[in-house]
Amino acid sequence: MRLHLVDGTYELYRAHFSPRPGHAAPDGQDVKATVGLLSSLLALLHDADEAVTHVAVAFDNPIRSFRNALFDGYKSDEGVPPELHAQFDLAEDAVRALGVTAWSMKEQEADDALATAAARWADAVEQVRLLTPDKDLGQCVRGSRVVQVDRRQEKVLDEDAVRAKLGVPPASVPDLLALMGDAADGIPGLPGFGEKGASALLSAHGHLEDIPAEASEWKVRPRGAEKLAATLREHRDAALLYRRLATLVTDAPLPGTSSLEDLAWKGVPAAAYEAFCDRLGLTTLRRRPKRWAP
């Protein structure tokens, strides 16, 4: 038994900006992103190697959360193409048409939903698979019990792989993003801190509060150590705020879900799926499901 947790917002954006052909619904709406999401999820559900038994897809809807009240520069709906923004609700309808749970996140983010579900049910399943390449989800990885899956690059990251990729263990990922920044989420990081120096420092000291104020007391000496130490002394409060922004919530409400069994996937419900495909004018995808719900 596995629990697949999908970052629906990432999948929707990836489909929108992909080179795949565009598609308009019979009413003229641009639904390219939704069609791409639907196709991607069908491929996941049909993948014998993934062996999906329990699954949920989380969305940022809207792309604002409690973090925007903490920091003005945090990611928001600004700059989202209007034709993509118009598909946010439709994308959730597409997921439900597949018989899959969709979590529409409001005060928290999609990543918070994934982190919460991973923490809640990691010990109840053989493995939790977090389907997103976002660095911040690395903090949720636990041994080989909770892993991160990048479907596009066909990579699976367990705890050792996260450490090899980022240079720090999962527990230090929020500290790393605080120092080096995360452009995808609007976290600027501290001036002068790149991934190499930040990861070396955190690999040695663990967390921001454990890094000595003076570079002479550091266990490692990244390039420009004295200047980095001065920056950290001057901007320590900002770094702690950025870490809070990068730290995922593990007690977020999961709409419509009270138990793991609520996430069991029993197949595609024929009537709902076919009606959705007809709504979008999808003839090929209408015939694609291989497992129908009883």
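The rules we used
Residues numbered from 1 in each chain as written. Predicted model: local features only at pLDDT ≥ 70, side-chain atom pairs only at ≥ 80, totals over all residues. Heavy atoms only, no water. Helix = DSSP H or I, 4+ residues; strand = E, 2+ residues; numbered from the N terminus. Rg over C-alpha atoms; globule rule 2.2 N^0.38 Å. Buried < 20%, exposed > 50% of the residue type's maximum accessible area, 1.4 Å probe, protein only. Core = buried A, V, L, I, M, F, W, Y, C linked by side-chain atoms within 4.5 Å. Contact = heavy atoms within 4.5 Å. Pairing = 2+ DSSP bridges. Axes fitted to C-alpha atoms, helices over the stretch in contact; angles between N-to-C directions. Salt bridge = Lys/Arg side-chain N within 4 Å of Asp/Glu carboxyl O. Phe/Tyr/Trp six-rings, centres within 6.5 Å; stacked < 30°, edge-to-face > 60°. Arc of directions from axis to C-beta. Expected span 1.5 Å × (residues − 1).

Helix and strand counts for the chain come out as 12 helices and six strands. Taken against the 2.2 N^0.38 rule, which gives 19 Å for 294 residues, the C-alpha radius of gyration of the chain at 21 Å falls within 12% of a compact globule. Counting only C-alpha atoms and orienting by the principal axes, one finds that the chain spans roughly 70 × 40 × 30 Å. The proportion of buried residues among the 294 residues of the chain is 54%.

Attention shifts here to the nonpolar core. Counting 39 residues, the largest nonpolar core has Leu38, Val95, Leu98, Val100 and Tyr273 as the members making the most contacts within it. Elements with a contribution of two residues or more to this core: α2 (32-46), β2 (54-60), α5 (88-97), β5 (146-150) and α12 (270-280). Top contributing element to this core by residue count: α2, with eight residues. Filtering out sequence-adjacent residues up to four positions away, Val100 remains in contact with Leu45, Val55, Ala56, Val57, Val95 and Trp265. Of all hydrophobic cores here, the second largest spans 30 residues; its members include Val141, Leu166, Val168 and Leu202.

What follows concerns the sheet that holds strand β6 (residues 155-157). Judged by pairing direction, the sheet is mixed, and its six strands sit side by side in the order β3-β2-β1-β4-β5-β6 without closing on themselves. Edge positions in the sheet fall to β3 (101-105) and β6, since each has one partner strand and no second. When the angles between neighbouring strand axes are averaged without regard to direction, this sheet yields 25°. Sheet topology places β5 next to β6; three bridges connect them, and they run antiparallel. Opposite Gln148, over in β6, you have Leu157 as the bridge partner.

So, on to the pattern of salt bridges. It is possible for side chains of opposite charge to pair when their charged atoms get near one another. On inspection of all chains with the given rule, the structure shows 18 salt bridges. Glu11 serves as the salt-bridge partner of Arg14, at 3.1 Å between the closest nitrogen and oxygen. Taken together, the residues Arg14 and Glu11, both in helix α1 (residues 8-16) and three residues apart, mark about one turn of the helix. Classification of Arg14 as partly exposed rests on a relative accessible area of 26%. The closest approach of N and O atoms between Arg129 and Glu50, which form a salt bridge, is 2.7 Å. Of the two residues, Arg129 sits in strand β4 (residues 127-131) while Glu50 sits in the loop between α2 and β2, which places them 79 residues apart along the sequence. The burial state of Arg129 is the same as that of Glu50; both residues are buried. Where salt bridges share partners, they join Asp60, Arg67, Lys75, Glu109, Asp112 and Asp185 into one cluster.

Attention shifts here to the packing of aromatic side chains. Here a ring pair, both rings aromatic, is described through the centre-centre distance and the interplanar angle of the planes. Going through the model one piece at a time under the given rule, you end up with three aromatic pairs. Aromatic pair Tyr13 and Phe17: ring centres 6.3 Å apart, planes at 40°, arrangement tilted. Assessed through its relative accessible area of 23%, Tyr13 is described here as partly exposed. Judged by relative accessible area, Phe17 falls into the exposed class, the value being 56%. Relative to Trp292, the ring of Tyr273 lies with its centre 6.1 Å away and its plane at 65°, an arrangement referred to as edge-to-face. In this pair, Tyr273 sits in helix α12 while Trp292 sits in the segment after α12, placing the two residues 19 residues apart along the sequence. A relative accessible area of 0% places Tyr273 in the buried class.

We now examine helix α11 (residues 236-246). All of the buried residues along α11 are Ala239, Tyr242, Arg243, Leu245 and Ala246. Down the axis of α11, the buried set is contained in an arc of 155°. They therefore lie on one face. Buried residues along α11 sit in contact with α3 (66-70), α8 (173-180) and α10 (225-234).

Further remarks concern the pairing of strand β1 (residues 2-7). Within β1, six of the six residues are buried, which leaves it mostly tucked inside the rest of the structure. On β1, burial covers both faces: Arg2, His4 and Val6 on one face and Leu3, Leu5 and Asp7 on the other are all buried. With five bridges joining them, β1 and β4 adopt parallel strand pairing. Residue pairing across strands places Leu5 opposite Leu130, the latter belonging to β4. Note: β1 against β2, five bridges, orientation parallel. Note that in β2 the partner of His4 across the bridge is Val55.

Before going further, it helps to spend a moment on α2. Look at α2: 21 Å from first C-alpha to last across 15 residues, which is about the 21 Å you get at 1.5 Å a residue. In terms of burial, α2 is largely enclosed, as 13 of its 15 residues are buried.

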